[in-house]
Amino acid sequence: MRRGAHVTLDRLAVMTTGELKAEWARRYGAPTPNLSPELMRLGIAYRLQEQRLGGVSRSTKSLLRKLAAQPKEGERKGTPPRKLTIGTRLVRDWHGVGHTVTVLEKGFEYDGKQWPSLTAIAKAISGSHCSGPAFFGLTDPKP
């Protein structure tokens, strides 16, 4: 496609991947993220519409941000998962027996063995499937 040529939706449908990447960079002022040609077409088409008809109003953007921040139905809003430092010890009392887990560089150590996840350890202790982070008190309790 020659430089500065007018892009239409019909033209987008037949553009090569290379042409789409160049058009994306021209329209967005940034390199193309790792997208399929179809998603690039949709993104460029949206930008064309936005440039010709105007973008989303400030009030709509504000409303969308508020809606996105609200928890979905059945979902709870809580603190993000904690980052565990190597060497941290997690202690849990289960039916009167103390259990200590040590955070390793890759996985966890419990009962003299290395484990891939807290969930696997929680299942070994409790005998049933449950969230490892929740079992060791790393997440907010459910309401």
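Here, residues in each chain are numbered from 1, in the same order as that chain's written sequence. Reporting in this predicted model follows two pLDDT cut-offs: at least 70 for local features of residues, and 80 or more for side-chain atom pairs to be given and counted; totals over whole chains, interfaces and linings ignore these cut-offs and use all residues. Neither water nor hydrogens contribute to the side-chain values; these are computed over all heavy atoms in the structure.

Undergrad: How would you summarise the packing of helix H2 (residues 17-28) against helix H3 (residues 37-53) if you had to cite specific residues and measurements?
TA: In contact at an axis separation of 10 Å, H2 and H3 are set at 35 degrees when each is read in the N-to-C sense. Here the hand of the crossing between H2 and H3 comes out left-handed. Contacts between H2 and H3 involve Thr17, Leu20, Lys21, Glu23, Trp24, Arg27 and Tyr28 on the former and, on the latter, Pro37, Leu39, Met40, Arg41, Gly43, Ile44, Tyr46, Arg47, Leu48 and Gln51. For the contact of H2 with H3, the class distribution of residues is nine nonpolar, three polar and five charged. Interaxial angles span 0 to 180 degrees and are taken between N-to-C directions of axes, which are lines fitted to C-alpha atoms, for helices over the stretch in contact. Elements are defined by DSSP. Helices are runs of H or I of four residues or more, strands are runs of E of two residues or more, and each kind is numbered from the N terminus. Helix crossings fall into two classes, left-handed where the near helix is turned counterclockwise from the far one by less than a right angle and right-handed where it is turned clockwise. Contacts are assigned to residue pairs that have any heavy atoms within 4.5 Å of one another. Each residue is assigned to one class: nonpolar for Ala, Val, Leu, Ile, Met, Phe, Trp, Tyr, Cys and Pro, charged for Asp, Glu, Lys and Arg, and polar for all the others, Gly among them.

Undergrad: An account of the environment of arginine 92 is needed here, citing residue identities and associated values.
TA: Along the chain, arginine 92 falls in strand E1 (residues 89-94). A sequence separation of 43 residues divides arginine 92 from phenylalanine 135, and the C-alpha atoms of the two residues are 8.1 Å apart. Throughout this description, a polar contact denotes any pair of N or O atoms lying within 3.5 Å of each other; where both atoms belong to protein, one of them has to be capable of donating a hydrogen while the other can accept it, and for residues adjacent in sequence the pair is counted only when both atoms sit in side chains. Among the polar contacts made by the side chain of arginine 92, one reaches the main-chain carbonyl oxygen of phenylalanine 135 at a distance of 2.5 Å.

Undergrad: Please set out the pattern of salt bridges residue by residue, giving values where relevant.
TA: Opposite charge on two side chains permits pairing when their charged atoms draw close. We count a salt bridge whenever a side-chain nitrogen from Lys or Arg sits within 4 Å of a carboxyl oxygen from Asp or Glu. Under the defined criterion, the tally for this structure stands at four salt bridges. Between glutamate 19 and arginine 11 there is a salt bridge, with its nearest N and O atoms 3.1 Å apart. Exposed residues in this analysis have more than 50% of their type's maximum accessible area, buried residues have under 20%, and partly exposed residues fall in between, with area computed by a 1.4 Å probe over protein chains only. For arginine 11, a relative accessible area of 25% corresponds to the partly exposed category. We note a salt bridge from arginine 26 to glutamate 23, for which the minimum N-O separation is 3.0 Å. One end of the pair, arginine 26, and the other, glutamate 23, are both in helix H2, three residues apart, so they sit about a helical turn from each other. On the basis of relative accessibility, which here comes to 2%, the residue glutamate 23 falls in the buried class. Three or more residues are tied together by salt bridges with common partners; here these are Glu23, Arg26 and Arg27.

Undergrad: So what's going on with unusual backbone geometry? Which residues, and what values?
TA: Here histidine 95, not a glycine, exhibits a phi torsion of approximately 55 degrees, which is positive. Its place among the elements puts histidine 95 in the loop between E1 and strand E2 (97-104). Residues other than glycine seldom take positive phi values, yet aspartate 111 does so here, at roughly 55 degrees.

Undergrad: Break down the sheet that holds strand E4 (residues 113-115) for me, with residues and values.
TA: In space, the four strands of this open sheet follow the order E1-E2-E3-E4, with antiparallel pairing throughout. Each edge of the open sheet carries a strand with a single partner, namely E1 and E4. Here the strands of the sheet are splayed against their neighbours by 30 degrees on average, with no regard to which way each runs. The pairing criterion is simple: DSSP has to find at least two bridges between the two strands. Relative to E2, E1 runs antiparallel, the two sharing six bridges. What sits directly across from valine 91, in E2, is threonine 100. Strands E1, E2, strand E3 (107-110) and E4 of the sheet are contacted by helix H5 (residues 118-126), whose axis makes an angle of about 25 degrees with E3.

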